[in-house]
Amino acid sequence: MTGAARNHPGGRLRLHVIAPHIAAADLAAGVSRVLTGRDSPPTGWHTGTYGQVVRSAGVTAELTAAWDGPELRLTCEDARSFAPRAGQLLAEIAAAAAGAGTGRPSPASADRPADPPARPGPPTKHGPPARPGPNRDSIAYRAWEALMAYWEVPGAARAEIVAPGVLAAPDALGEPLFVFDHVGPPVPPAGWLLRSWYAPDTGVHHFSAPSSPAGPRLKVGSPRPAERKRAAELLRTWRAVTAELTAAPGSPLAALPVPPLRCVLGERHLSGA
């Protein structure tokens with residue numbers, strides 16, 4: 001169950017990918033096939049900030065030709081609906097672009113009306129790469145839980161992300177103060193590069209532990225510029241607790257190096273999130 005929709009400034013979801021080894025024309029045809037049902041948009045491509053733009057069903061796609069592969073920027077008005085299906089949409093675009101490159105016919109023929117603009121649907125054979133589910137036994141997550149317990153953070157002020165960009169916060173009435181992101185951004189199609197991902201439903205302080213060759217890399221960020229100094233303090237505290245639990249997994253809360261919450265967030269109260 002996810003919490004009620006929340007209002008955010010700049011609440012659109014945005015992602016930016018590069019598709020190496022795909023011709024710009026094939027990617028354009030793939031985007032148009034998925035969004036409009038035709039190889040070319042019925043109303044044509046329009047000029048945008050970075051390249052050519054097509055809009056359909058609340059999704060805006062902008063394509064840019066580049067030397068290392070065409071770039072695709074997607075923006076969606078309905079972020080909460082779109083976020084968990086963003087990887088599926090990219091996979092369908094990649095499959096449609098590959099079809100354009102082999103000269104296979106488009107799903108929409110010229111002698112019938114185009115299909116209605118499509119929203120990303122349930123997984124298909126062209127689904128996104130599989131990703132592991134939440135690992136609540138990880139040291140990083142246990143350290144986050146320890147912080148929440150030590151600071152006595154109420155359920156309404158905390159949440160988790162178990163699908164890209166969507167908060168699982170049944171008790172939250174507003175924007176949670178602390179959010180742990182188990183999954184991160186959507187996985188792009190094989191060979192594609194994800195340059196940026198912005199989902200507005202991240203909470204005030206967004207904790208994540210993406211994998212790296214050296215192990216999980218702890219990160220704390222905030223969409224609010226005024227909170228970024230506090231985010232850095234939270235990261236230092238989270239790292240210290242994670243290191244302590246790594247060295248001594250059974251450490252009691254009282255033994256962990258956790259400063260009082262007011263020392264990390266100043267005089268701010270949880271109710272002020």
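Going by the structure above, here's the rest.
What this report covers is the structure whose coordinates are included nearby.

Each value, and the rule that gives it
- Residues numbered from 1 in each chain as written.
- Predicted model: local features only at pLDDT ≥ 70, side-chain atom pairs only at ≥ 80, totals over all residues.
- Heavy atoms only, no water.
- Helix = DSSP H or I, 4+ residues; strand = E, 2+ residues; numbered from the N terminus.
- Expected span 1.5 Å × (residues − 1).
- Buried < 20%, exposed > 50% of the residue type's maximum accessible area, 1.4 Å probe, protein only.
- Phe/Tyr/Trp six-rings, centres within 6.5 Å; stacked < 30°, edge-to-face > 60°.
- Lys NZ or Arg CZ within 6 Å of the ring centre and 35° of its normal.
- Salt bridge = Lys/Arg side-chain N within 4 Å of Asp/Glu carboxyl O.

### A few points about helix α4 (residues 139-150)
In this model α4 runs 16 Å from its N-terminal to its C-terminal C-alpha over twelve residues, within 8% of the 16 Å that 1.5 Å per residue would give. Within α4 the residues assigned to the buried category are A140, Y141, A143, W144, A146, L147 and M148. Trailing α4 by a residue or two, E152 shows a phi angle of about 50°, which is positive.

### A few points about the packing of aromatic side chains
Inspection of the entire model under this criterion finds eight aromatic pairs. Site record: aromatic cluster; members linked through ring pairs are Y141, W144, W151, F178, F180, F207 and W238. The ring of Y50 carries R73 above its face, with NZ or CZ at 3.8 Å from the centroid.

### Structural notes on unusual backbone geometry
The backbone phi angle of H21 is positive, close to 70°, even though this residue is not glycine. When you line up the elements, H21 lands in the loop between β1 (13-18) and α1 (24-36). Here A57, not a glycine, exhibits a phi torsion of approximately 50°, which is positive. Following the sequence through the fold, A57 ends up in the loop between β3 (52-56) and β4 (59-64).

### Some thoughts on the pattern of salt bridges
Enumeration according to the criterion identifies six salt bridges in this entry. Close ionic contact of E77 with R12 constitutes a salt bridge, the shortest N to O distance being 3.3 Å. With E77 in the loop between β5 (71-76) and α2 (79-82) and R12 in the segment before β1, this residue pair connects regions lying 65 residues apart in the sequence. Among the residues examined, E77 registers a relative accessible area of 48% and is labelled partly exposed. On the accessibility criterion, R12 (44% relative accessible area) is partly exposed.

On their own, these measurements won't tell you what the molecule is for.
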